[in-house]
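Descriptive structure summary
These are the residues of each chain, in order.
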Amino acid sequence: MMNACNSILSQLLLSNRPPGPLETGSLQAEANRLKGKINGLRTKLQEYEDLLQKHQTVLSVARRVPLDVLGVIFSFVLPDCSTRKDWQELTSLSMVCKDWHQAAQFSHRFSSHLKLFQTKVDYDNVTSWSRRATDGRVLQIIGSSCDCPIHHKRGDEGTTSECTFVGSALLRLMAEGPVLYHLRFKTVKARCYQHFLDLFASSDASSNPRPWDTLKKFTLHFAPEETRSRLVTAIGPESIGVPPCITSLDLELPGSVQMGANSPPLLIQPGTFQRLTSLSVKWDWSRQDGKMLLAALPHCGNLETLVLNFDCCRWFCTNGYGSEVVTLPKLRNLKLARPQGDFKVLSFINAPALSHLDVHVREEVKPDILSSFITQRVTRSQDPLHVSLSITYGQDWDIPKFLWRVPYVTHLKLDRCLDAPKNCRNGADFFYFLGLYKNTLSHLKVLEIVELPPEIPLSSIEQYIDLRRRERADDGLKTLVVNYNSVWLPESCKIGTAQLVEKLRNKGLSIDIEYPKFLRNKLMDMYK
């Protein structure tokens, strides 16, 4: 039957003659048979495609993501997780599958951190959170920059509800709430904080231990004051009260603060400094005498981490203090953030055990004291020193010359400070002038460039790396991180990074290139 039908089909295809009645019946029957067979094959194909999709689903990379990584992803989806709605969304994520439940349940970020605004502090909600957070609880309470409606005069108790920061819930939490590891008070008015201390001191201390008394880490960032007044007038005649057992203190004083004649160093009692292993201080140093800091450091014999944030202010010390050098025998980590002028504070510090020095420069500074501090530390100790240098917004000064003067830098971050028309002489490349200074950054291991203008080609960085390797065969630079500036470019522009990236990787360099996030796929070709 099929052969006869094929014979009729072949004959009809060779002419324009229409099929007869018998031929039509045979051809239609064969066409129906072919349709049925095709439908059967399509059904079978769909079954195979469905089965293939199931296999690919099981083999998906998403199923192989480690639970701790999945927990980090959840933390980006819910960065605060401090409201009831956030917890409901987290619960929804936990109900997707068993692994997602475990990732959310065991993520330390979710279980240990809680951030609340001062008007949202609720005792029951915090205790409910504490039952989920079984270890390392971090509670952050954010104050308001607005003025408090009451003046908090000394000796005037007032009512707790009148203060915008101090409430009955906060006092109860510090007296009988869950045990905390780290308490953060952000943007709190000095008078409100002293009001809290006064009320807390007069409260019942029978509960033992009280959460306030067992804190290990304490962050206290005062809100800016509108008028220049002595902070000791606002907080009391002696000093700033802090939890009695803390070993880590992060202190930010308002710029308008002035020390009293009998004030302790940095308004903190010396006994507190003796317990600290970590200290961070931010202040408007331009209005203060640096000897107040130097008076505190001799009490910091157990300090392992010290962070000084100058906020682009010039630090100075009166001649009356003398030239005593303070030795911090256990200090291993020292960070200087945004100094201005020079690094004079380093001339008063001796840290024989220092292993990490982190310097963030935002304004033009003189490198002499920094260079001398690093050189002395390296020559006096055989232990390695990791020096991380970050420069931000440095278009108006000679950065290559500054880097030439700073030795032993192992990690260099150039953040928004490369701009060819302003930062490079005769419009030349920044890295060309950096290469003119011989043996610059000879200990560099990581080079990180943030907001690189597309006008500075990646090939210039490659040429600089080649120059380094010609100068020293054992060049330690092994990692390059480049983040391109987010600017609109004409579609005819060609940055061309793909071949250079592959070339550098073949030379043993680890490279991470981040392109502008707003680019459409068709515009990525200009970069790659």
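Above this text you will find the structure in question.
For every chain, the first residue of its written sequence is number 1, and the numbers climb from 1 along that sequence. Totals for whole chains, interfaces and linings use all residues, but because this is a predicted model, local features are given only for residues with pLDDT of at least 70 and pairs of side-chain atoms are given and counted only at 80 or more. In computing side-chain properties, one takes all heavy atoms of the structure into account and sets aside hydrogens as well as water.

**Observations concerning the overall build of the protein chain**
- Within the protein chain, the regular secondary structure consists of 19 helices and 16 strands.
- Within the span of the protein chain, comprising 528 residues, buried residues form 44% of the whole.
- In the protein chain, the share of contacts with a sequence separation of at least 24, taken over all contacts with a separation of at least 6, comes to 75%.
- Summed over all atoms, the accessible surface of the protein chain reaches about 28,100 Å², with 52% contributed by carbon and sulfur. To qualify as a helix, a DSSP run of H or I must reach at least 4 residues; to qualify as a strand, a run of E must reach at least 2; elements of each kind are numbered from the N terminus. Three exposure classes are used, based on accessible area relative to the maximum for each residue type with a 1.4 Å probe and protein chains only: buried under 20%, partly exposed in between, and exposed over 50%. We call two residues in contact when some of their heavy atoms are within 4.5 Å. Areas reported here follow the Shrake-Rupley algorithm with a probe of radius 1.4 Å; residue values treat only the protein chains shown as occluding.

**Brief notes about helix 14 (residues 368–380)**
- Working rule for helices: expected span equals 1.5 Å times residues minus one. Between its first and last C-alpha atoms helix 14 spans 18 Å; for 13 residues at 1.5 Å apiece the expected length is 18 Å, and the two agree.
- Taken together, the buried positions of helix 14 are occupied by Leu-370, Ser-371, Phe-373, Ile-374 and Arg-377. Along the long axis of helix 14, the arc covered by the buried residues comes to 165°, so they all point the same way. Among the exposed residues of helix 14, those oriented more than 90 degrees off its buried face are Thr-379 and Arg-380.
- Those residues of helix 14 hidden inside the fold are in contact with strand 9 (333–340), strand 10 (349–350), strand 11 (356–361), strand 12 (386–392) and helix 15 (399–405). In this description, the arc belongs to the directions extending from the helix axis to the C-beta atoms.

**Here we look at unusual backbone geometry**
- If you check the backbone angles, Arg-338 has positive phi at about 60° while not being a glycine.
- Position of Arg-338 among the secondary structure elements: in strand 9.
- Here the phi dihedral of Tyr-408 falls at roughly 65°; this positive angle occurs in a residue that is not glycine.
- For Tyr-408, the location among the structural elements is in the loop between helix 15 and strand 13 (409–415).

**What about the pattern of salt bridges?**
- For this document, the term salt bridge refers to a Lys or Arg side-chain nitrogen within 4 Å of an Asp or Glu carboxyl oxygen. Under the counting rule described, the total for this entry stands at 13 salt bridges.
- Notably, a salt bridge pairs Asp-475 with Arg-468, separated by 2.7 Å at the nearest N-O pair. Arg-468 matches Asp-475 in its accessibility class, with the two residues each being buried.
- The network of salt bridges with common partners includes Lys-438, Arg-468, Glu-471, Arg-472 and Asp-475.

**Some points on the environment of Ser-510**
- The residue Ser-510 is located in strand 16 (residues 510–514) in this model.
- Assessed through its relative accessible area of 43%, Ser-510 is described here as partly exposed.
- Considered as a pair, Ser-510 and Thr-479 are 31 residues apart in the sequence and their alpha carbons are 4.7 Å apart.
- Setting aside residues no more than four positions away along its own chain, Ser-510 makes contact with Lys-478, Thr-479 and Leu-480.

**Topic: the pairing of strand 5 (residues 248–252)**
- A pair of strands is labelled paired if DSSP reports no fewer than 2 bridges between them. Here strand 4 (residues 217–222) pairs with strand 5 via five bridges, running parallel. In the sheet register, Leu-220 faces strand 5, and the bridge partner there is Leu-251.
- In this structure, strand 5 lies alongside strand 6 (residues 278–282), joined through five bridges in parallel fashion. Each residue of the ladder has a partner; that of Glu-252, found in strand 6, is Lys-282.

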